[in-house]
Amino acid sequence: MSRSPSLPDRPTLELDPEMSPSERLDALRQHFARLVDVNEKLSDQIEAAQSKHASLSEDVDSLQRENETLKSAARYIATVEEVADDEVVLKQHGNNQEVLTETVPRIQEEVEAGDRVAINDSFAIQSVLSTETDSRAQAMEVDGSPDVRYEDIGGLDEQIREVREAVEQPLLAPEQFEEVGIEPPAGVLLHGPPGTGKTMLAKAVANETDATFIKMAGSELVQKFIGEGARLVRDLFELAGEREPAVIFIDEIDAIASKRTDSKTSGDAEVQRTMMQLLSEMDGFDERGEIRIIAATNRFDMLDRAILRPGRFDRLIEVPVPELEGRKRILDIHTAEMPLAEDLDLDAVADLTDGFSGAELASLTTEAGMFAIRDGRTTVEMQDFEDAHEKVSVDGEDSAGTPIAFQ
Ligand SMILES: Nc1ncnc2c1ncn2[C@@H]1O[C@H](COP(=O)(O)OP(=O)(O)OP(=O)(O)O)[C@@H](O)[C@H]1O
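Residues numbered from 1 in each chain as written. Predicted model: local features only at pLDDT ≥ 70, side-chain atom pairs only at ≥ 80, totals over all residues. Heavy atoms only, no water.

### So, the packing of helix H4 (residues 157–172) against helix H6 (residues 198–208)
As a reminder of what qualifies: Angular values range over 0 to 180 degrees, each being the angle between N-to-C directions of two axes fitted as lines to C-alpha atoms, with helices fitted over their stretch in contact. Secondary structure elements are taken from DSSP: a helix is a run of H or I of four residues or more, a strand is a run of E of two residues or more, and numbering for both begins at the N terminus. Any angle that is under 35 degrees is reported as roughly parallel, and any over 145 degrees as roughly antiparallel; angles of 65 to 115 degrees are reported as roughly perpendicular and all others as oblique. Rotating anticlockwise by less than a right angle from the far helix to the near helix defines a left-handed crossing, while the corresponding clockwise rotation defines a right-handed one. Every residue pair with non-hydrogen atoms within 4.5 Å of one another is taken to be in contact.
Close contact between H4 and H6 brings their axes to 10 Å; oriented N to C, the two are set at 50°. Taken together, H4 and H6 sit at an angle that is classed as oblique. Crossing of H4 over H6 shows right-handed handedness. Contacts between H4 and H6 pair Gln 159, Ile 160, Val 163, Val 167 and Glu 168 from the former with Leu 201, Val 205 and Glu 208 from the latter.

Following this line, the structure appears as structure tokens:
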């Protein structure tokens, strides 16, 4: 610690009774000059002390803030619904649970209804999200341990084998590639109709390799975060770098990488910029790193071929709607926890559902369960599947907007 500067000596006035009036006046003048000098020195010292005080107060403030944050790391995102005297009502994202939480004065002054905030395990507000952090949090789904396993995916054995080879192997055994002197595929592109298990494949490989799963949807980049696409793509790769090993999953990549149109609208320019950023991130990428990239599309025909060049998405895996055997396997998976009646023949259900995607089979199973519940039963019967079948057929359209064909 620095010592405080010593105070200037206090001037004394010595007046001799023998002095003439002019000598006394001189002595008084000199004394006055010394007093002014001391006064100036003291003012300087006060000023220095004040500025030191201000800077120490800032240090204390920032240490207090750091201390608050360190007490427990921010974990979840919530939206502020109401701000009362020293309490705040929050709605958690994900589960939509509302909580009432007490806040420290600093936070109390900072937050307003509608703000998005980072909270910790005990719902204490850690910080108010800036627009930038906010869109980053909204645009990316980050899952440290996705819970999908390969055995949860039906009818895609060949695709699972290919994904394991192109994504899992380079993560788990990069040295194998080095020894053989080849680069693993840079990016893997899964293409096929909606609801066929593309996201599941990406999550399962992240699970199997203990990697963080980071998802970004191409359509959101161009519709929701207009003007932020390129930055968010950069953030995506940066985040993956911080969370290695990581699997980056870019869903609906066609939204940012479709064939160039001739029109020069600003929207197109923005999409172009986002795609260029993606290409440059991929080109500057060390393939042997602990980050793997998977993209998915339902519109393979629309894709700009530039993204399929070697070193980019150079491994294509088609994920089709399931065949009979695949449908049977998917129905088995989705009814695994369901008490089924003796008469229920899943082979017959599989037979009836030609053209159904995995997602449609999953919702058919849920519907059948709903019919059983409505009927006061806990066992699901063939009739429930037939009713569910009919209901979906009356509803008329599947998730992709195409009519479901019942045989
Ligand atoms: N092959 C499958 N095996 C088991 N369940 C499946 C399969 N495919 C889809 N499902 C069910 O459908 C849901 C949606 O699948 P998923 O999100 O993986 O499809 P997707 O191909 O990524 O779809 P989209 O192209 O619309 O993003 C899954 O959560 C699962 O319940």
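Read on for the rest.
### Concerning the site of the ligand
Using the following cut-off: When at least one non-hydrogen atom of a residue lies within 4 Å of a molecule or strand, that residue is treated as near it. Polar contacts, as counted here, are pairs of nitrogen or oxygen atoms within 3.5 Å of one another; within protein the pair requires one atom able to donate a hydrogen and one able to accept it, and residues that are adjacent in sequence qualify only if both atoms are side-chain atoms. The protein chains shown are the only cover counted for residues, whose accessible areas, like all others here, come from Shrake-Rupley with a 1.4 Å probe. We call Asp, Glu, Lys and Arg charged. Ala, Val, Leu, Ile, Met, Phe, Trp, Tyr, Cys and Pro are nonpolar, and the rest, Gly among them, are polar. Note that the domain bounds were set by an automatic or database domain assignment.
Taken together, 18 residues sit near the ligand, with Gly 154, Gly 195, Lys 198, Thr 199 and His 334 positioned nearest. A distance of 3.4 Å separates an oxygen atom of the ligand from a polar atom in the side chain of Asp 251. Its free accessible area being 630 Å², the ligand has 77% of it covered by the protein chains. Put simply, the parts of the chain that give the shell around the ligand at least two residues each are H6, helix H10 (324–334) and helix H12 (358–374). Here the residues of the shell around the ligand sort into seven nonpolar, eight polar and three charged. When residues of the shell around the ligand are assigned to domains, at least three fall in each of domain 3 (141–318) and domain 4 (324–395).

### Some points on the sheet that holds strand E6 (residues 140–143)
Two strands in a sheet stick together by hydrogen bonds in their backbones, pointing the same way (parallel) or opposite ways (antiparallel). This is how the line gets drawn: Being paired, for any two strands, means DSSP has found at least two bridges between them.
Taken in spatial order, the six strands line up as E6-E8-E9-E10-E7-E11 in an open sheet, and their pairing is mixed. Looking at strand neighbours, the two that pair on one side only are E6 and strand E11 (313–318), the edges of this open sheet. Strand after strand, the sheet turns through a mean of 20° between neighbouring axes, direction not considered. The pairing of strand E7 (residues 187–191) with E11 spans five bridges and is parallel. Across the sheet, the residue bridging to Val 188 is Arg 315, located in E11. Taken strand by strand, helix H8 (residues 229–242) contacts E6, strand E8 (212–217), strand E9 (246–251) and strand E10 (291–297), and its axis lies near 175° from that of E8.

### A closer look at the nonpolar core
Here is the rule we go by: The term nonpolar core refers to a set of buried residues drawn from Ala, Val, Leu, Ile, Met, Phe, Trp, Tyr and Cys, joined through side-chain atoms within 4.5 Å. Residue exposure (1.4 Å probe, protein chains only): buried if accessible area is under 20% of the type maximum, exposed if over 50%, otherwise partly exposed.
Ranked by internal contacts, the top residues of the largest apolar core, which has 34 residues, are Phe 237, Ile 253, Leu 278, Ile 307 and Phe 313. Contributing elements (two or more residues each) for this core: E8, helix H7 (218–223), H8, E9, helix H9 (266–283) and E10. Take this core: its biggest share by element is six residues, from H8. Look past the residues within four positions of Phe 313 in its chain and what remains in contact with it is Gly 187, Val 188, Leu 189, Ile 253, Leu 278, Met 282, Ile 293, Ile 294, Ala 295, Ile 307 and Leu 308. The next biggest cluster of nonpolar side chains, apart from the first, holds 24 residues, and it includes Ala 166, Ala 202, Ala 204 and Val 319.

### Here we look at the environment of Leu 331
Relative to the helices and strands, Leu 331 is located in helix H10. In sequence terms Leu 331 and Leu 364 are 33 residues apart; their C-alpha atoms lie 9.2 Å from each other. Among all residues touching Leu 331, those that are not within four sequence positions of it are Leu 346, Val 349, Ala 350, Leu 361, Thr 365 and Phe 385.

### What about the pairing of strand E5 (residues 125–128)?
Across three bridges, the pairing between strand E4 (residues 116–119) and E5 is antiparallel. When the bridges of E5 are listed, Ala 118 appears paired with Ser 127. If you look at the hairpin formed by E4 and E5, you'll find five residues sitting between the two strands, and Phe 123 has a positive phi there, around 65°.

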